[in-house]
Amino acid sequence: GTVLQGLRSADRAYILNINLSCNMFISDDGICDHLVPFLHQWPICHRLKLYKTSIGDLALAALSGWVARGHARELHLSDLAGQVTGEGVLRFLEGSLQEGRYPFSLGNSPSGNKCALWLRLENNAIQNTERLLSRAADLGMSVRVLQKPDLPRVRPGAPSHSDGTDVPAVNLVLFHLQDLCVSRRWLRAMAAMPAIPAELRDVGCAY
């Protein structure tokens, strides 16, 4: 409520940075029902952090349409407790790059310095990462994996000072590190929340 009111009343341009990390109660349904509609209304979010939440392939698919608009610069989606598969990641990349907005240009000039989308998907138990990257390349996606030695010289939002021809669309950070560091057992054991009765929804709407 407060955030939306502030955005609606602002006369100047806005830039959002959203951090919903470290909350295992954030699920695919929450992303699809709440965050994605919010981002479609207020799309200019440069940094979105959802690491250590319970989202998975469904949330990634739902977010890809917003990512494709080109406003995102950093996406932190590591250590997820939901099911993340190679197929889901491939569909997410394909959907996110479908509009050709990456690498993005810094500043207002399309000919300015280029930057890759900074994407963290490590520690999600994604299998056969090399094969996944090979399939992405076969589909024409420009993706580069950053290893630990690369990180001191390649940072999120840092411009390339070349002519831009060697800048990938996406920097996948530490992508080959896929040890699962969070437990997914408790998520499978959770019961679905019962539907809110209509009379209680009506009471909530009255206030």
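Residues numbered from 1 in each chain as written. Predicted model: local features only at pLDDT ≥ 70, side-chain atom pairs only at ≥ 80, totals over all residues. Heavy atoms only, no water.

Details of the confidence of the model for the chain
In step 1: Overall, the prediction assigns the chain a mean pLDDT of 85, with 78% of residues at 70 or greater.
In step 2: Counting interchain partners and residues more than four positions distant, the pLDDT-below-50 stretch residues 200-207 has one contact. (pLDDT = per-residue confidence, 0-100. Contact = heavy atoms within 4.5 Å.)

Digging into the pattern of salt bridges
If the charged atoms of two oppositely charged side chains come close together, the side chains can form a pair.
In step 1: Scanning the model with the defined rule gives four salt bridges in all.
In step 2: The shortest N-O distance in the salt bridge between Arg-47 and Glu-74 comes to 3.2 Å. In this pair, Arg-47 is assigned in strand β3 (residues 45-49) and Glu-74 in strand β5 (residues 74-76), connecting sequence segments 27 residues apart.
In step 3: Across the salt bridge formed by Glu-87 and Arg-135, the nearest N and O atoms sit 2.5 Å from each other. Of this pair, Glu-87 sits in helix α4 (residues 86-96) while Arg-135 sits in helix α5 (residues 129-138), and the two are 48 residues apart along the sequence.
In step 4: With relative accessibility at 37%, the residue Glu-87 sits in the partly exposed group. (Salt bridge = Lys/Arg side-chain N within 4 Å of Asp/Glu carboxyl O. Helix = DSSP H or I, 4+ residues; strand = E, 2+ residues; numbered from the N terminus. Buried < 20%, exposed > 50% of the residue type's maximum accessible area, 1.4 Å probe, protein only.)

Some thoughts on the nonpolar core
In step 1: If you look at the biggest cluster of nonpolar residues, it comprises 45 residues, and the most contacted ones within it are Leu-48, Leu-63, Leu-75 and Leu-77.
In step 2: Those elements that provide at least two residues to this core are β1 (16-19), α2 (28-41), β3, α3 (57-67), α4, β8 (117-120), α5 and β10 (170-173).
In step 3: Apart from the residues within four sequence positions on either side, Leu-75 is in contact with Leu-48, Trp-66, Val-67, Phe-92, Leu-117, Trp-118, Leu-119 and Arg-120.
In step 4: Residues Leu-146, Leu-151, Val-173 and Leu-174 belong to the second largest nonpolar core, which totals six residues. (Core = buried A, V, L, I, M, F, W, Y, C linked by side-chain atoms within 4.5 Å.)

A closer look at the packing of α3 against α4
In step 1: Between α3 and α4, the shortest axis-to-axis distance is 8 Å and the interhelical angle comes to 10°. As the angle between them shows, α3 and α4 are arranged roughly parallel. Contacts between α3 and α4 involve Asp-57, Leu-60, Leu-63, Ser-64 and Val-67 from the former and Gly-88, Val-89, Phe-92, Gly-95 and Ser-96 from the latter.
In step 2: Looking at the contact of α3 with α4 residue by residue, the class counts come to five nonpolar, four polar and one charged. (Axes fitted to C-alpha atoms, helices over the stretch in contact; angles between N-to-C directions. Parallel < 35°, antiparallel > 145°, perpendicular 65-115°, else oblique. Nonpolar A, V, L, I, M, F, W, Y, C, P; charged D, E, K, R; others polar.)

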